[in-house]
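# Summary of the model geometry
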Amino acid sequence: MFDYLIVGAGFAGSVLAERLATVANKKVLIIDKRNHIAGNAYDHYDDAGILVHKYGPHIFHTNSKDVFDYLSLYTEWRNYQHRVLACVDGQMFQMPINLNTINAMYGLNLNSDQLEDFFASRAEKVKEVRTSEDVVVSKVGRELYEKFFKGYTKKQWDLDPSELHASVTARVPTRTNKDDRYFTDTYQAMPLHGYTRMFEKMLNHPNIKIMLNTDYKEVMNEISYKKLIFTGPVDEYFDYRFGKLPYRSINFKFETLDQEKFQETGTINYPNDYGFTRITEFKYLSGQKNPKTSIVYEFPTADGDPYYPIPKADNAELYKKYQTLADQLENTYFVGRLATYKYYNMDQVVAQSLATFKKIQRETLDLVADENADLR
Ligand code: FAD
Ligand code: UDP
């Protein structure tokens, strides 16, 4: 009898397996339908010996010391600050939009104060910032919105930014200084030997059994367990009772080239041309030296593995119905990007999983207290 059955060996499932096994001394079975652990963060060495990410580039960044310290139990780090260029009108510009972007694009020599005025003169008045269009046009105006955001967003989500929640484009800020890093978080680093190695160490514990190539539905009735942690798609768990929750998928096209370098920075975004959104060159992320180089193109698509929950009002409504069902179940926890239908980064999923572990611990303590009360 297992204390916990955990469905999904990505960040959500693996963090909880690790905490329950090491801190609470629980017996855990973690299963995944894929043939590997690490979920969408899975990485491996390709034929050229370059560390590539099977499900697209994963760059770790967080402001949470707790999350960083926790993962540091299982990995050393390589400092890495991601930089992105956007290819607009055939030229490369720093992205997020910053002082260098604007000066280069318009042949100007503005300082930060002047750039504030420049943005203010172009910004559109928006009563209430609700959509992903509002976020951008209310800051930098329509022209820059159309050059950098409208086309990319349409490709990525097959939606106009006006149909998406503000939080989507708000992930990419606008700056008036020259900071050209994609993220400004306190901690920015890549696991020194990759994500998969980190997950192997997290799950390497006598209390944890791993079962791969297994869909939970095939084995649910054969395994005896006390509690369930589910990190797959929440609508799938409930047999799509209220209809399917929409997810966006991506086709990844990997190439290894007989040249040392392909592009000038880790990722180049192509907002307006081609079917792909961006190209990432993995050697920037891993810091490896190699006479060859490996890159990945991302082609967004409606069909395929569910990668992105789509932040949109009607989807949020539909998710709420599933959440209500999920909340009613006893001894069952829904955690992670798919199970809580949230566009979460890796660090947010780790934080959510650590919080769930604390909640489980509290519930167990309450239970023990109740039992003791009964005895008295
Ligand atoms: P997942 O990693 O999806 O794990 C869920 C697991 O459950 C999967 O392995 C799946 O196979 C398994 N599963 C599902 N259904 C079943 C079933 N029926 N039976 C058995 N197993 C099942 N985050 C960042 O912080 N930085 C980035 O740069 C970044 N880049 C990203 C790029 C792309 C293209 C994508 C798609 C995501 C990116 N993310 C990034 C987000 C990151 O991938 C997620 O935050 C994180 O991996 C979510 O972990 P999870 O455990 O919730 O889900
Ligand atoms: N985005 C854009 N142009 C860009 C980069 C991002 O329009 O050059 C928008 C787009 O809608 C994208 C969102 O901002 O989906 C979030 O971008 P991010 O780079 O965080 O996407 P992720 O890495 O999660 O795919």
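As a starting point, this report considers the structure included with it. Here the residue numbers are simple positions, counted from 1 along each chain's written sequence. All chains are assigned letters beginning at A, and all ligands numbers beginning at 1, according to the order in which they are written. Local features are withheld for residues below a pLDDT of 70 in this predicted model, meaning they are given only at 70 or higher, and side-chain atom pairs are given and counted only at 80 or more; totals for whole chains, interfaces and linings count all residues. Each side-chain value is derived from all of the structure's non-hydrogen atoms; neither hydrogens nor water enter the calculation.

We call a residue near a molecule or strand as soon as one heavy atom of that residue lies within 4 Å of the molecule or strand. Around ligand 1 sit 32 residues in total, of which Asp-32, His-58, Ile-59, Tyr-344 and Met-346 are the nearest. Residues adjacent in sequence count toward polar contacts only when both atoms are side-chain atoms; beyond that, a polar contact is any pair of N or O atoms within 3.5 Å, and within protein one must be able to donate a hydrogen and the other to accept it. The side chain of Asp-32 places a nitrogen or oxygen atom 2.6 Å from an oxygen atom of ligand 1. When ligand 1 is considered free in solution it has 1000 Å² of accessible area, and contact with the protein chains removes 96% of it. Strands are runs of DSSP state E lasting at least two residues, helices are runs of H or I lasting at least four, and both sets are numbered from the N terminus onward. Breaking the shell around ligand 1 down by element, the ones donating at least two residues are helix H1 (11-22) and helix H12 (346-375). In this description, accessible areas are obtained by the Shrake-Rupley approach with a 1.4 Å probe, and a residue is regarded as covered only by the protein chains that are shown.

As a further point, take the site of ligand 2. Lining the immediate surroundings of ligand 2 are 16 residues, of which Thr-153, Arg-171, Tyr-182, Tyr-308 and Tyr-343 lie closest. A distance of 2.9 Å separates a nitrogen atom of ligand 2 from a polar atom in the backbone of Phe-148. Here an oxygen atom of ligand 2 and a side-chain polar atom of Tyr-182 are 2.6 Å apart. Summarising the interface, the protein chains cover 94% of the accessible area of ligand 2, which totals 520 Å² for the free molecule. Among the elements that make up the shell around ligand 2, the one with the highest residue count is helix H6 (residues 142-157) (6 residues). In terms of residue class, the shell around ligand 2 is made up of 10 nonpolar, 4 polar and 2 charged. Under the convention adopted here, Pro, Cys and the residues Ala, Val, Leu, Ile, Met, Phe, Trp and Tyr are nonpolar, Asp, Glu, Lys and Arg are charged, and Gly plus all remaining residues are polar.

Moving on, we come to the sheet that holds strand S6 (residues 77-79). Only strands joined by at least two bridges in the DSSP assignment are considered to pair. Strand order in this open sheet of 3 strands is S5-S9-S6, and the pairing throughout is antiparallel. Here the strands that pair on one side only, and so sit at the sheet edges, are strand S5 (61-62) and S6. Bridge count for S6 against strand S9 (residues 187-191) is 3 bridges, and the pairing is antiparallel. Following the sheet pairing, Arg-78 is matched in S9 by Met-190.

Attention now goes to the packing of H1 against helix H7 (residues 195-203). Closest axis-to-axis distance for the H1/H7 pair is 9 Å, and the angle between their directions is 30°. If you check the angle between H1 and H7, you find them roughly parallel. Relative to H7, the crossing made by H1 is left-handed. Each of Phe-11, Ser-14, Val-15, Ala-17 and Glu-18 in H1 lies in contact with H7, whose residues at this interface are Tyr-195, Met-198, Phe-199, Met-202 and Leu-203. Of the residues assigned to the contact of H1 with H7, the class counts are 8 nonpolar, 1 polar and 1 charged. Angles run from 0 to 180 degrees between N-to-C directions of axes, and those axes are lines fitted to C-alpha atoms, restricted for helices to the stretch in contact. Put simply, angles under 35 degrees are roughly parallel, angles over 145 are roughly antiparallel, angles from 65 to 115 are roughly perpendicular, and the rest are oblique. Here is the rule for handedness: rotate from the far helix to the near one, and if that takes an anticlockwise turn smaller than a right angle the crossing is left-handed, while a clockwise turn gives right-handed. Contacts: residue pairs with any heavy atoms within 4.5 Å of one another.

Attention now moves to the environment of Thr-332. By the element assignment, Thr-332 lies in strand S17 (residues 332-334). With a relative accessible area of 14%, Thr-332 lands in the buried category. Spatially, the C-alpha atoms of Thr-332 and Pro-306 are 22 Å apart, while their sequence positions differ by 26 residues. When sequence neighbours within four positions are dropped, the list of residues in contact with Thr-332 reads Leu-228 and Tyr-237. When accessible area is computed with a 1.4 Å probe and restricted to protein chains, residues below 20% of their type maximum are described as buried, those above 50% as exposed, and intermediate ones as partly exposed.

We define a salt bridge as a contact between a side-chain nitrogen of Lys or Arg and a carboxyl oxygen of Asp or Glu at a distance within 4 Å. Counted by the stated rule, this structure contains 18 salt bridges. A salt bridge links Asp-89 to Lys-147; the shortest N-O distance between them is 2.9 Å. Placement of Asp-89 in the loop between strand S7 (84-88) and strand S8 (91-95) and of Lys-147 in helix H6 is noted, with a sequence separation of 58 residues between them. Two residues, Glu-133 and Arg-142, come together in a salt bridge whose shortest N-O distance is 3.2 Å. Owing to a relative accessible area of 16%, Glu-133 belongs among the buried residues under this scheme. With a relative accessible area of 30%, Arg-142 lands in the partly exposed category.

If you walk across this open sheet you meet the 7 strands as S8-S7-S13-S14-S15-S12-S16, and the pairing is mixed. Because the sheet does not close on itself, it has two edges, and the strands there are S8 and strand S16 (308-309). Pairing between strand S12 (residues 247-257) and strand S15 (residues 293-301): 9 bridges, direction antiparallel. Pairing of Asn-251 across the sheet is with Phe-299, part of S15. In this fold helix H3 (residues 99-106) packs onto S7 and S8, with an angle of close to 155° to the strand it touches most, S8. H6 contacts S7, S8, S12, strand S13 (267-269), strand S14 (278-281), S15 and S16 of the sheet and is inclined by roughly 100° relative to S12.

Position of Thr-153 among the secondary structure elements: in helix H6. Thr-153 sits in the buried class, given a relative accessible area of 4%. Non-local contacts of Thr-153, meaning those with residues more than four positions away in its chain, are made with Asp-158, Leu-159, Pro-161, Leu-164 and Thr-169.

Orientation of H3 relative to H6, taken along the N-to-C sense of each, is 100°, at an axis distance of 13 Å. When the interaxial angle is binned, H3 and H6 end up roughly perpendicular. Mapping the contact onto sequence places Thr-101, Ile-102, Met-105 and Tyr-106 in H3 and Glu-143, Leu-144, Lys-147 and Phe-148 in H6. For the contact of H3 with H6, the per-class residue count stands at 5 nonpolar, 1 polar and 2 charged.

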